[in-house]
Amino acid sequence: MKILTGNDLKTGAVTWWTGEGWSLHVAEATDVGEHGDEIAARENAARRVVAPYVIDGENGPDGPRPAHIKDRIRALGPTVRLDLSVKPADPDAGSYVI
Amino acid sequence: MVETQLRFRDDEPAGDPAVTVDSFGEQTNASAVRIEPGDDARVLLPHLDRIRLVEVNFPVFGDGRGYSAARILREAGYAGELRAVGDVLIDQLAFLRRCGFDSFAPEHPLNAADAEAALARYPEVYSPTVDGRPAIWAKRHGLA
Amino acid sequence: MYKYDSYDQAMVDARVAEFRDQVRRRLDGSLAEEQFRPLRLMNGLYLQLHAYMLRVAVPYGTLNSAQMTMLGDIADKYDRGYGHFTTRQNIQYNWIKLEEAPDILADLAKVEMHAIQTSGNCIRNTTSDQYAGAIADEVVDPRPYAELIRQWSTFHPEFSFLPRKFKMAVIASDTDRAAMRLHDIGIQIVRNDAGELGAAFYVGGGMGRTPMIAPCINAFVPIDQMITYSEACLRVYNRHGRRDNKYKARIKILVHELGKDEYTRQVEAEFAHLLTQNIEPPLAELERIKAQFADPPFEIALDETVDRSDPDFAVWLDNNVQVHKAPGYAIVTISLKPVGGIPGDASADQIRLMARLAKRYSFDELRVTHAQNIVLPHVRKADLHAVWQQLDEAGLGTPNLDKIGDIIACPGLDYCSLANARSIPVAQKISERFAGREQEIGELKLKISGCINACGHHHAGHIGILGVDRKGVENYQLLLGGSEGADTSLGTITGPGFNEEGIVDAVEKATSVYLANRQDGERFLDTYRRIGMAPFKDAIYAKDAV
Ligand code: HEM
Ligand code: SF4
């Protein structure tokens, strides 16, 4: 599957395209199929996102998961500061990126 | 031909179309020349007395060679019009001005108020150039 | 320390207003990201892996306590309670909001700080010796010269769109503590036989994918022509540096392709011309700046003895304290490398504590080192124990300066969008593995980069580690034999790479070879240079005995 991601223009937060808007959680991402670039251009022009790009993903038990480790770290947060990640309470969260 | 949006001179603009640096050498009557980023501005130095307009092209604003070209011409005493053309943006205006440009023909017209604000932004300058503004060190030591 | 006058203050204030206006135009759509990007970069604002990142300049690494306190307060107010000190003597914040960036710059300006030219293809923050003004081996304090360069390079109209970034370092002693020859321009302030000061210019060094050690192109530029000579070096680069390929755009490639002699010839010709342009600040300006770097009022006849009866304190003394030029004083390096910690990170509370210690014990001064540590440059020997106790309580008392645990590591794939692999977890595992054995191993500079850009100086580590991407999996190459002192050398790759566990084991094997072979007083680097790569390679790649 193809996932569209970027950062929120104002806050810089990593965001994922859900089909209707942008979420902080990759699990809510949607498969954009062939339309990634088109949505990216539109959302970029509307200044709802900065530096959007399309990545490969696969469907896992918890929803979409980026295929490359870099985007999995983007989805989670720094593995060396899990307290600042999207799963601060889960001591094993780092295993997600491997 | 893109319009000159900002001009800081009182004389009549040169009428001739600008020729390339290469053909300038052959056309002994040309009075306007256009410098591309890879051109050596110094080849024009023997001919400065017959040049009324030098256009310096910025195909992309991030290519800063034109700043050196402009200063080299001014340092050699060129007093004619020096026009920045191409990808000329608001936030480069002040630097361009300091390197000796005195007219601007941006590919995409600039917001006039923003351009004016940008040109007036810095009250002082740290480094002297050809624009005659005294450096901060000159003011500190009563040299200006 | 340098104090802004109304001119300096007006310049940074104008910069804040300008950036506020640029952010406004970005948010209202009049600036597209392609146009805004170079503008935000020139204010140190990157878009990184998780958010915007702000890099704040610490010119030549010198801070006072009010500035350091502000850095801590910014970490709390605008970030997530910490900052990362970098090898270029700057500090980075990782969780910045674009909307708030102008307010941060305004707060910085209140304490005479800024983020000007901490990124972008312009002249970056000029770095220097972290012991400047405190160490006996310097010809003069190099910082006034660095400040002169700071002012000259700030908003330089001709050199703000160079082919690539441009980094300068200024030192003034033969012991190079600033990796001077690995900069685009490295300057060493020297004195000639006639007793006059001059600047030796080393041009075209750098790390990245093609590491090069800068050659000396002029061994003595009279000190009152240093700025003009710099201008000449830059103009030749701006005109002729490659712009067709980002990876070949640094000045080191130009110097290499033209040859040192031809590059020097062009610089000298440009220099001769520029001398007619009167662009050099007068010596009176240098004197004005120098007066502000005058020694603090050191007390005389202080007690030289230090009570070493506390063994932990004694270990710290032997590791982290250097001889000061003034009797009765010492130079303290605070390690930001606790065992298992994140190299270079400090919490807001730690930052403020270091500021308080500087105010009370170090004439209000701190330094950031290129090894990502903090220095209190002027501490009375009589106060060392009190300083150590307060540091130790705050987790800042690790006694490991220049030891294997004092690792330089770039942010790597945990924070950096250019990374191939994570650097920090490798640093953490190595420092944990060797905890307790650091003293036995002695001086060993280990440096880790998460990709070929070499922000972690891996080429210059006695042991270097480079993160690479092997088919989507993190992989690490090992280098041996680099150094960045007066004996600058580049490391050599041992062979095939390793996974995370494997690289830690490989480092262990390399240190074992050293321990087995070292002769009296040899550091790891000395032994490596004497016995060569082969024994290390054999041990590292030996098939495990059954
Ligand atoms: C996380 C954001 C960062 C990015 C995007 C970044 C990017 C880069 C790039 C692209 C280069 C290679 C330049 C070239 O060879 O042309 C480089 C070099 C370098 N960076 Fe970084 N860097 C980052 C963080 C850091 C940090 C945290 C440090 C200090 C720990 C640092 C210090 C350096 C140094 C010392 C060099 C090598 C010296 C040189 O050749 O310029 N950078 N960086
Ligand atoms: S070396 Fe690479 S991974 Fe590390 S900070 Fe620099 S660009 Fe990022």
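Up top you'll find the structure we're talking about.
Predicted model only: the values in this text are computed from it and were never measured.

**Structural notes on the overall build of chain B**
What chain B contains, in helices and strands, is 5 helices and 6 strands. Along its sequence from the N terminus, chain B presents helices and strands in the succession β-β-α-β-β-α-β-α-β-α-α. In terms of C-alpha radius of gyration, chain B reaches 15 Å, essentially the compact-globule figure of 15 Å for 144 residues. Over its C-alpha atoms, taken along the principal directions, chain B stretches across nearly 50 × 35 × 30 Å.

**Re the interface of chain B and chain C**
Taken together, the 36 residues of chain B in the interface contact 47 residues of chain C. The largest share of the area that chain B buries against chain C comes from Tyr122, Tyr126 and Arg140 of chain B, three residues that together contribute 20% of it. The interface formed by chain B and chain C includes 12 salt bridges. We note a salt bridge from Arg140 of chain B to Asp5 of chain C, for which the minimum N-O separation is 2.6 Å. The interface formed by chain B and chain C includes 23 residue pairs in polar contact (both at pLDDT 80 or more). The biggest single contributor to the side of chain B that touches chain C is helix 2 (residues 65–75) of chain B, with 6 residues. Looking at the side of chain B that touches chain C residue by residue, the classes come out as 16 nonpolar, 7 polar and 13 charged.

**Some words on the arrangement of the chains**
Among the 2 pairs of chains in contact, the pair with the most contacts is chains B and C. Structurally, chain A and chain B remain out of contact, their C-alpha atoms never closer than 18 Å.

**Some remarks on the sheet that holds strand 17 (residues 446–449) of chain C**
Residues and elements named next belong to chain C. Here 5 strands make up an open sheet; going across it, the order is 16-17-18-19-20 and the pairing mixed. Both edges of this open sheet fall to strand 16 (408–409) and strand 20 (492–493), since each of them pairs with a single strand only. Strands in contact with helix 15 (residues 500–517) are strand 17, strand 18 (463–470) and strand 19 (473–480); relative to strand 19, the strand with the most contacts, it is inclined by about 15 degrees.

**What to know about unusual backbone geometry**
Positive phi, close to 55 degrees, is recorded for Ala51 of chain A, a residue that is not glycine. Secondary-structure assignment places Ala51 of chain A in strand 4 (residues 50–60). Overall, Ala51 of chain A belongs to the partly exposed group, its relative accessible area being 37%. Residues other than glycine seldom take positive phi values, yet Phe363 of chain C does so here, at roughly 50 degrees. Structurally, Phe363 of chain C can be placed in the loop between helix 11 (348–361) and strand 14 (365–368).

**Regarding the site of ligand 2**
Neighbouring ligand 2 are the residues Cys410, Pro411, Gly412, Cys416, Leu418, Ala419, Ser449, Gly450, Cys451, Asn453, Ala454 and Cys455 of chain C. Each residue belonging to the shell around ligand 2 can be placed in one class, and the counts come to 8 nonpolar, 4 polar and no charged.

**Observations concerning the sheet that holds strand 3 (residues 22–23) of chain A**
Residue and element names in this part refer to chain A. Strand order in the open sheet formed by 5 strands is 3-2-1-4-5, and the pairing between neighbours is antiparallel. The sheet terminates laterally at strand 3 and strand 5 (63–66), the two strands that pair on one side only. Of the pairings in the sheet, the one linking strand 1 (residues 2–7) to strand 4 comprises 5 bridges and is antiparallel in character. Paired with Asn7 across the bridge in strand 4 is Val50. Across the sheet, helix 2 (residues 69–76) lies against strand 1, strand 2 (14–17), strand 4 and strand 5, angled at about 105 degrees from strand 2, the strand it touches most.

**Notes on the site of ligand 1**
Residue and element names in this part refer to chain C. Looking at ligand 1, there are 24 residues lining it, with Thr87, Lys165, Lys167, Arg250 and Cys455 nearest. Interatomic distance of 2.9 Å between a side-chain N/O atom of Lys167 and an oxygen atom of ligand 1. In the environment of ligand 1, an oxygen atom lies 2.9 Å from a nitrogen or oxygen atom belonging to the backbone of Met207. Counted by class, the shell around ligand 1 contains 8 nonpolar, 10 polar and 6 charged residues.

**Here we look at the nonpolar core**
Note on soluble globular proteins: their nonpolar side chains tend to be buried together. Residue and element names in this part refer to chain C. Ranked by size, the top nonpolar core spans 151 residues in total, and within it Met68, Leu71, Ile187, Ile189, Phe201, Met226 and Tyr263 carry the most contacts. If near-sequence neighbours (up to four positions away) are discounted, Phe201 is found in contact with Ile185, Gly186, Ile187, Pro215, Cys216, Ile217, Asn218, Val221, Met226, Tyr229, Ser230 and Cys233. One finds Ile430, Ile441, Ile463 and Ile540 within the second-largest nonpolar core, a separate group that totals 30 residues.

**Some remarks on the pairing of strand 3 (residues 32–35) of chain B**
Regular strands place their side chains on alternate faces of the sheet. Residues and elements named next belong to chain B. As judged from the 2 bridges shared by strand 2 (residues 19–20) and strand 3, these two strands associate in the parallel manner. Considered in strand 3, the bridge of Val19 is made with Val33. Assessed by its sense of winding, the connection that carries the chain from strand 2 through helix 1 (residues 21–26) to strand 3 is right-handed. Alignment of strand 3 against strand 4 (residues 53–58), held across 4 bridges, turns out to be parallel.

Analysis parameters
- Residues numbered from 1 in each chain as written.
- Chains lettered and ligands numbered in written order.
- Predicted model: local features only at pLDDT ≥ 70, side-chain atom pairs only at ≥ 80, totals over all residues.
- Heavy atoms only, no water.
- Helix = DSSP H or I, 4+ residues; strand = E, 2+ residues; numbered from the N terminus.
- Rg over C-alpha atoms; globule rule 2.2 N^0.38 Å.
- Contact = heavy atoms within 4.5 Å.
- Buried area = accessible area lost by both parts, 1.4 Å probe.
- Salt bridge = Lys/Arg side-chain N within 4 Å of Asp/Glu carboxyl O.
- Polar contact = N/O pair within 3.5 Å; in protein donor to acceptor, adjacent residues only side chain to side chain.
- Nonpolar A, V, L, I, M, F, W, Y, C, P; charged D, E, K, R; others polar.
- Pairing = 2+ DSSP bridges.
- Axes fitted to C-alpha atoms, helices over the stretch in contact; angles between N-to-C directions.
- Buried < 20%, exposed > 50% of the residue type's maximum accessible area, 1.4 Å probe, protein only.
- Near = heavy atom within 4 Å.
- Core = buried A, V, L, I, M, F, W, Y, C linked by side-chain atoms within 4.5 Å.
- Right-handed = clockwise from strand over helix to strand, strands pointing away.

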